[in-house]
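Architecture and fold: a report
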Amino acid sequence: MENKSQNKIIVWLSAAHFSTDIYSGFLNPIMPFIAVKIGISMGVAALLMSISQLFSQLLQPIFGFFADSIFKRGFIFWGLLFSAVFFPLSAIADNVWLLGLFIILGSLGVSVFHPQGIGFVIRFTKEDFTKNMGIFLSMGSIGYAFGPMISASVTHYFGLAKMSLTAIPGIILALFMFTCVPKISNTDKKPEKKNILEVFKAILSNKQIIILILIAIMKAVISSSCAILLPFLWKDYGHNAFYIGAVLFAFMLAGGIGSLVSPKFEKWLGTRNVIYVSMLSMPVLMTVFVFTYRIIPLIALADFILMAFVLMLATPITMVLAQKELPQYKSIIGGFLNGFCWGIVGVLLSGMGFLAQKYGVLQILFIAGLLPAFCAHFVKYLKVDND
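Structure report, in brief. (Residues numbered from 1 in each chain as written. Predicted model: local features only at pLDDT ≥ 70, side-chain atom pairs only at ≥ 80, totals over all residues. Heavy atoms only, no water.)

Brief notes about empty space enclosed by the protein
One pass over the full model with this rule turns up two cavities of 30 Å³ or more. Here the largest cavity defines a volume of roughly 630 Å³. Among the elements that line the lining of the largest cavity, the one with the most residues is helix α10 (residues 207-236), at six residues. By residue class, the composition of the lining of the largest cavity is 16 nonpolar, 17 polar and two charged. (1 Å grid on protein atoms, 1.4 Å probe; cavity = no way out; pocket = protein on both sides within 12 Å on 5 of 7 lines; lining within 4 Å. Points joined across faces, edges and corners; volume = space filled by probe spheres on them. Helix = DSSP H or I, 4+ residues; strand = E, 2+ residues; numbered from the N terminus. Nonpolar A, V, L, I, M, F, W, Y, C, P; charged D, E, K, R; others polar.)

Here we look at the pattern of salt bridges
This structure, assessed with the given rule, holds one salt bridge. Between K383 and E325 there is a salt bridge, with the nearest N and O atoms lying 3.2 Å from each other. Here K383, found in the segment after α18 (361-375), pairs with E325, found in helix α16 (residues 315-325); they are 58 residues apart in sequence, far enough to count as distant. Residue class for E325 comes out partly exposed when judged on its relative accessible area of 22%. (Salt bridge = Lys/Arg side-chain N within 4 Å of Asp/Glu carboxyl O. Buried < 20%, exposed > 50% of the residue type's maximum accessible area, 1.4 Å probe, protein only.)

Brief notes about α18
Among all positions in α18, only V361, L362, I364, L365, A368, G369, P372 and C375 are buried. Here the buried residues of α18 occupy an arc of 160° about the axis, which is enough to place them on one side. Of the residues in α18, the exposed ones pointing more than 90 degrees away from the buried face are I367 and F374. (Arc of directions from axis to C-beta.)

A short note on the nonpolar core
L99, C226, L230 and F289 are the most contacted members of the largest nonpolar core, which totals 62 residues. The element contributing the most residues to this core is α10, with nine residues. Those residues in contact with C226, other than ones at most four positions away along the chain, are P231, F251, M286, F304, M307 and L365. (Core = buried A, V, L, I, M, F, W, Y, C linked by side-chain atoms within 4.5 Å. Contact = heavy atoms within 4.5 Å.)

Remarks on helix α14 (residues 282-292)
Where α14 is concerned, the buried positions are M282, P283, L285, M286, F289, V290 and T292. The secondary structure elements touched by the buried residues of α14 are α10, α13 (271-280), α15 (297-311) and α18.

Quick word on the environment of G351
Note on placement: G351 falls in helix α17 (residues 330-359). Taking the C-alpha atoms as reference points, G351 and L365, 14 residues apart in sequence, are found 13 Å from one another.

Comments concerning the side chain of S111
Tracing the sequence through the fold places S111 in helix α6 (residues 96-123). A relative accessible area of 0% places S111 in the buried class. Among the polar contacts listed, one links the side chain of S111 to the backbone oxygen of F55, at a separation of 3.4 Å. Once residues within four sequence positions are removed from consideration, S111 is found in contact with F55, S56, Q57, L59, Q60 and F63. (Polar contact = N/O pair within 3.5 Å; in protein donor to acceptor, adjacent residues only side chain to side chain.)

Observations concerning the environment of M307
By the element assignment, M307 lies in helix α15. For M307, a relative accessible area of 0% translates into the label buried. The sequence separation of M307 and M286 amounts to 21 residues, and the corresponding C-alpha distance is 7.6 Å. Excluding its chain neighbours within four sequence positions, the residues that come into contact with M307 are I222, C226, M282, L285, M286 and F289.

Below, the structure written as structure tokens:
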């Protein structure tokens, strides 16, 4: 009975993760059309998207600290609500300032939700940590895949003005979460009170965590640059919002499937080898995409989808390795690997958008694809249970 209860909690947490990331994926395919509506350039639009990365990702360790400290469950509810309300409102903004405000508020919802959600998965799991983490993370990736598809479909068939109606399902789910996710038991041991700087120092001085953060940053570079820059390339080639959303859907869905089957690959290849495969294959796959995009588009599309699958294959593994290394900081660790790393990439993307505007999207993606191979060297220093 206890296992069934825990499984239900994981299901609800995964459903909330699925929904939160649906909304966080709304903007990628429709931002070029919002940019045209309010009259901003690709560079400014990419800057706004990078700001979204900053607020949705970079602040996650801080919210993780408070989630571990206050011993409350409210972050998962308010996080889902803010994402559900403000990302859809971004589509109806009529100036760049209002658009920026809605993006920031929606992104804060993402930042609030994720650290506590990840921490709760570990808290309510007694065994099969990689399996449950894989389910939770894959639901987020799959939700992020559905986000572009939904927003692109609404934009294509009904117009940007109708996007605000998509907030309703998220609001309803958030209300259900109040009754379906239990409060933290009073018998649970409360964490030791520490200064946030002391906690961050303990985390960032840990060699294992640093390597795992570096791996996460490399994955975020590939995923974010593809999701943010490629829609502008596709629009310039004459593709509509629905096509862009469909391709991003396939990319993110493949990533979600990669996270879901990660435990099977770990048993087959070993922990370290899965991480090697995930990183060392990126330069090859990105090169194939760049050089086949114009001449053999179907090969490029298949390669693009495979890239996402391989990229996310090691994500649950690296998250569990980090959680096991410092289990007393569940939510904070989740905030660093799931959020902070993507926020760092958001800082980089603020400049990459302008570079892509000047030198070309494919050229920037080619350079980004080389980075993971250089960092694969550090994988050999990870402490793992099997090889």
